[in-house]
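Okay, here's what each chain looks like letter by letter:
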Amino acid sequence: MVLPSMRVDGKKALVTGAGSGLGKAIAVALAEAGADCAVTELPGRMDSLGPVCASIEAVGRKALALSLELPRIGSIEEAVGGVLAAWGRIDILVNNAGVNIPRPALEVTEEDWDGVLDINLKGLFFTAQKTALAMKNGGGRIINIASQNGVVGYYRRAAYCASKAGVVNLTRVLAIEWAPLGITVNAVGPTFVVTPLTQSTWDDPAMREDLLKRIPLGRVGVPEDVVGAVVFLASPAASLITGHTLLVDGGWTAL
């Protein structure tokens, strides 16, 4: 056949921040494509992983729920070690966990800045690093969830835009350093996606109007709009793609 497969049958995946929204959808999509999925959440939110694991198991794949508190190195090592102890390897990492603290730039505090950068960039890097150490003998796929705000700016998002721009360029660096290890590193940059965590922003009429006028396709995203890009980058169909950020933005950045 000429058409390469987008299946990931038998692969072992780790998806961070998977208790709801985009992370949950990514984990279930990878399971539907054939992967066993380990999913993480904060220690106080572990109950949210129950339905996620049930959805993974409902399609005949194995699920593993793990605690992860970014950017603590010890917590990252425990999560990666938990997957290795259970399954012996990690083939796919999706760095999805992230936060946003909307604030005018003149009002951003050091605590705000560190809170966003520590999770979105520092935590993402060390999760990738610890996972790559486990992948280095057999290769693997790392997919970082960036944002369209990693390539364009937006009001009240100084720390968030800085962190996601960091993810975009970090993805390039890791791609060139880890290519000799057989590890591809790519990112996905979604537009605004309606999830339980972003619902309150979407419910603001002024914000909704501003978002919609910036998207040529005329609508914001839902998690299902993004998962195809992640599965593609994890699959054999993307074997020659690395260092790339795939924007799923409805045309926002084309304007």
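Preceding this section is the structure that the text describes.
Everything quoted here is computed from the prediction, not taken from an experiment.

Asker: Before we move on, can you summarise the pattern of salt bridges with the specific residues and values?
Answerer: Opposite charge on two side chains permits them to pair, given that their charged atoms come into close proximity. Evaluated as defined, the whole model comprises 11 salt bridges. R7 is the partner of D9 in a salt bridge, and the nearest nitrogen-oxygen pair spans 2.7 Å. We classify D9 as partly exposed; its relative accessible area is 48%. According to the relative accessible area criterion, R7 is partly exposed, its value standing at 39%. One connected set of salt bridges, linked through shared partners, spans K12, D36 and R61.

Asker: Account for the pairing of strand 2 (residues 36-41), naming residues and giving values.
Answerer: Within strand 2, six of the six residues are buried, leaving the element largely enclosed by the surrounding structure. Of the two faces of strand 2, the one carrying D36, A38 and T40 and the one carrying C37, V39 and E41 are both buried. As paired strands, strand 1 (residues 12-15) and strand 2 are joined by four bridges and run parallel to one another. Residue pairing for strand 2: A13 is matched across the bridge by C37. In this sheet, strand 3 (residues 63-67) lies alongside strand 2 in parallel orientation, the contact comprising five bridges. Paired with A38 across the two strands is L64, which belongs to strand 3. Of the crossover connections in this fold, the one passing from strand 2 over helix 2 (residues 49-58) to the parallel strand 3 is right-handed.

Asker: An account of the packing of aromatic side chains is requested, with residue identities and associated values reported.
Answerer: Given two aromatic rings, one states the distance between the centres and the angle between the planes to describe the pair. Under the criterion given, the structure shown has four aromatic pairs. Taken together, the ring pairs in this structure connect Y154, Y155 and W252 into an aromatic cluster. Its guanidinium or amino end placed over the ring of W87, K12 lies 5.6 Å from that ring's centre, counting from NZ or CZ. A cation over an aromatic ring shows up here: R208 above the ring of W202, its NZ or CZ 4.4 Å from the ring centre.

Analysis parameters
- Residues numbered from 1 in each chain as written.
- Predicted model: local features only at pLDDT ≥ 70, side-chain atom pairs only at ≥ 80, totals over all residues.
- Heavy atoms only, no water.
- Salt bridge = Lys/Arg side-chain N within 4 Å of Asp/Glu carboxyl O.
- Buried < 20%, exposed > 50% of the residue type's maximum accessible area, 1.4 Å probe, protein only.
- Helix = DSSP H or I, 4+ residues; strand = E, 2+ residues; numbered from the N terminus.
- Pairing = 2+ DSSP bridges.
- Right-handed = clockwise from strand over helix to strand, strands pointing away.
- Phe/Tyr/Trp six-rings, centres within 6.5 Å; stacked < 30°, edge-to-face > 60°.
- Lys NZ or Arg CZ within 6 Å of the ring centre and 35° of its normal.

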